[in-house]
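Coordinate analysis (summary)
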Amino acid sequence: MDDPTHSKAMRRAAHGQYATGVQKRLGHLAMIAFAALVSGSFSLGALATPHLGPAALNAARFVIGIALMGIVARAMLRRPIPWPAAPWRFLVLGGTMALFFIAMFTALGMTDPVSTGAVFTLLPPLSAFFGYLFLRQVPRGLVLPSLLLAGLGAVWVIFRGDLDAMRRFDVGRGEMIFFVGVVGHAAYASLVRLYNRGEPALAFTFWTLLATGLLIGLYGLREIAETDWLALPGIVWITIVYLAIFTTAGTFFLLQYAAMRLPASKVLAYNYLTPTLVIVYEGILGHGWASLSVMAGAAVTIFGLVILALSPDG
């Protein structure tokens, strides 16, 4: 059965409106959960990547994620997942996210995580740009200043409060490749609202996942074929399952859910929480806590996001 609250959100989206009340709060909570799930993948991913290539890792996570989302969607809708009208929409959506994943892992082979993290902070302002380009969403009041404040806090955390490291930051080929991927990710939130035609959220997420997985699979076909899957250590499979359930099926659904309720500039702003949450996870895992200076940067990020959440949508 279709979710009536989702249907109402679709009608609002069709008229360029945003959610209010409980639905608005749920949109913000969805993106906080999104950031928490994505952040948790970094510690696991660091343990798995020495044993498996990035294309094969992403292909495996999408195979499981697509299967899981298909089962959940079929059970919740209580009918077969309907074939979508204009399926080209999902190739476009899947293409933007496949571009992001491919560019990210390609860049990580050419540069370091600090540099890619710095480039990643361009995501929210780029999403605000695409929100205006595709949907004529104009950020109001404190939205842009709060984005800047949260972004500065995130940059401070990424560089561990080291001003010399910030000055040494160099834009090379790896950074430029990742920037292309970030542009694709930034466009996604606006395209979700633009291309949605009232499909149930689960069905929409399933078709987007399928398109993304197919494109990544085609890109990494040789690497996938050359991987000795039976020889992979257990930590790799733990990572794949976590990525498939939480940061593939889960985050795609949460992002689509929030994008239908909030402006694009607010949706992807929660990615600024990622470096802060990674600090928390690393501390909990016993890998050490960040300095007070870095924690202050995390506090600035959180403060900026609180202002953003409380500012008018438009």
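Structure's up top.
It should be emphasised that the depicted structure is a prediction, and the values quoted were computed from it without experimental measurement. (Residues numbered from 1 in each chain as written. Predicted model: local features only at pLDDT ≥ 70, side-chain atom pairs only at ≥ 80, totals over all residues. Heavy atoms only, no water.)

Turning to helix α15 (residues 292-310), a few remarks are in order. One full turn of an α-helix is made of 3.6 residues, so residues set three or four places apart face in the same direction. When the terminal C-alpha atoms of α15 are compared, their 27 Å separation across 19 residues agrees well with the 27 Å that a helix rising 1.5 Å per residue should span. Those residues of α15 that sit buried are V294, G297, A298, T301, G304, L305 and L308. The buried residues of α15 occupy an angular sector of 120° when the element is viewed end-on, so they sit on one face. When the buried face of α15 is taken as reference, the exposed residues oriented beyond 90 degrees from it are L292, F303 and L310. Against the buried residues of α15 lie α7 (143-158), α13 (264-267) and α14 (273-284). (Helix = DSSP H or I, 4+ residues; strand = E, 2+ residues; numbered from the N terminus. Expected span 1.5 Å × (residues − 1). Buried < 20%, exposed > 50% of the residue type's maximum accessible area, 1.4 Å probe, protein only. Arc of directions from axis to C-beta. Contact = heavy atoms within 4.5 Å.)

This part is about the environment of T276. In this fold, T276 is placed in helix α14. Since its relative accessible area comes to 7%, T276 is described here as buried. Taking C-alpha positions, T276 is 9.8 Å from A36, a pair spaced 240 residues apart along the chain. Filtering out sequence-adjacent residues up to four positions away, T276 remains in contact with V157, A298, T301 and I302.

Two aromatic rings are characterised by how far apart their centres lie and by the angle between their planes. Throughout the structure, instances matching the rule amount to 14 aromatic pairs. Pairing F130 with F134 gives two aromatic rings, centres 5.5 Å apart and planes at 20°, and the pair type is stacked. With F130 and F134 both in helix α6 (residues 123-135) and 4 residues apart, this pair spans about one turn of that helix. Residue classification places F130 among the buried positions, given a relative accessible area of 10%. Taken together, F62, F100, F101, F178, Y188 and F252 form an aromatic cluster joined through their ring pairs. Above the ring of Y132, the side-chain terminus of R136 is found at 4.9 Å from the ring centroid. (Phe/Tyr/Trp six-rings, centres within 6.5 Å; stacked < 30°, edge-to-face > 60°. Lys NZ or Arg CZ within 6 Å of the ring centre and 35° of its normal.)

Judged by nonpolar contacts, the single largest core of 64 residues is most densely connected at L93, F101, F178, V182 and V267. Here this core gets 9 residues from one element, more than from any other, and that element is helix α9 (residues 173-195). Dropping the residues within four chain positions of it, F101 is found in contact with N58, R61, F62, I216 and F252. Grouped together as the second largest cluster of nonpolar side chains are 11 residues, A56, A60, V236 and Y242 included. (Core = buried A, V, L, I, M, F, W, Y, C linked by side-chain atoms within 4.5 Å.)

So, on to a nonpolar patch on the surface. There is a patch of nonpolar side chains on the surface, built from V63, I64, L68, V72, M76, V241, I245 and F246 and spanning about 610 Å² of accessible area. Looking at the nonpolar patch element by element, the count peaks at 5 residues for helix α3 (residues 54-77). The class for M76 is exposed, based on a relative accessible area of 52%. (Patch = residues over 30% accessible without salt bridge, like charges linked within 9 Å, V, L, I, M, F, W, Y side chains within 5 Å. Areas by Shrake-Rupley, 256 points an atom, 1.4 Å probe, with all protein chains shown as cover. Salt bridge = Lys/Arg side-chain N within 4 Å of Asp/Glu carboxyl O.)

The next subject is the side chain of N196. Its location among the elements puts N196 in the loop between α9 and α10 (201-219). Within the local environment of N196, its side chain forms a polar contact with the backbone nitrogen of G198, the two atoms lying 2.8 Å apart. (Polar contact = N/O pair within 3.5 Å; in protein donor to acceptor, adjacent residues only side chain to side chain.)

Residues other than glycine seldom take positive phi values, yet R78 does so here, at roughly 60°. On the secondary structure map, R78 appears in the loop between α3 and α4 (88-108). A positive phi angle is found at A86, which is not glycine, with a value near 50°. Locating A86 in the fold gives a position in the loop between α3 and α4.

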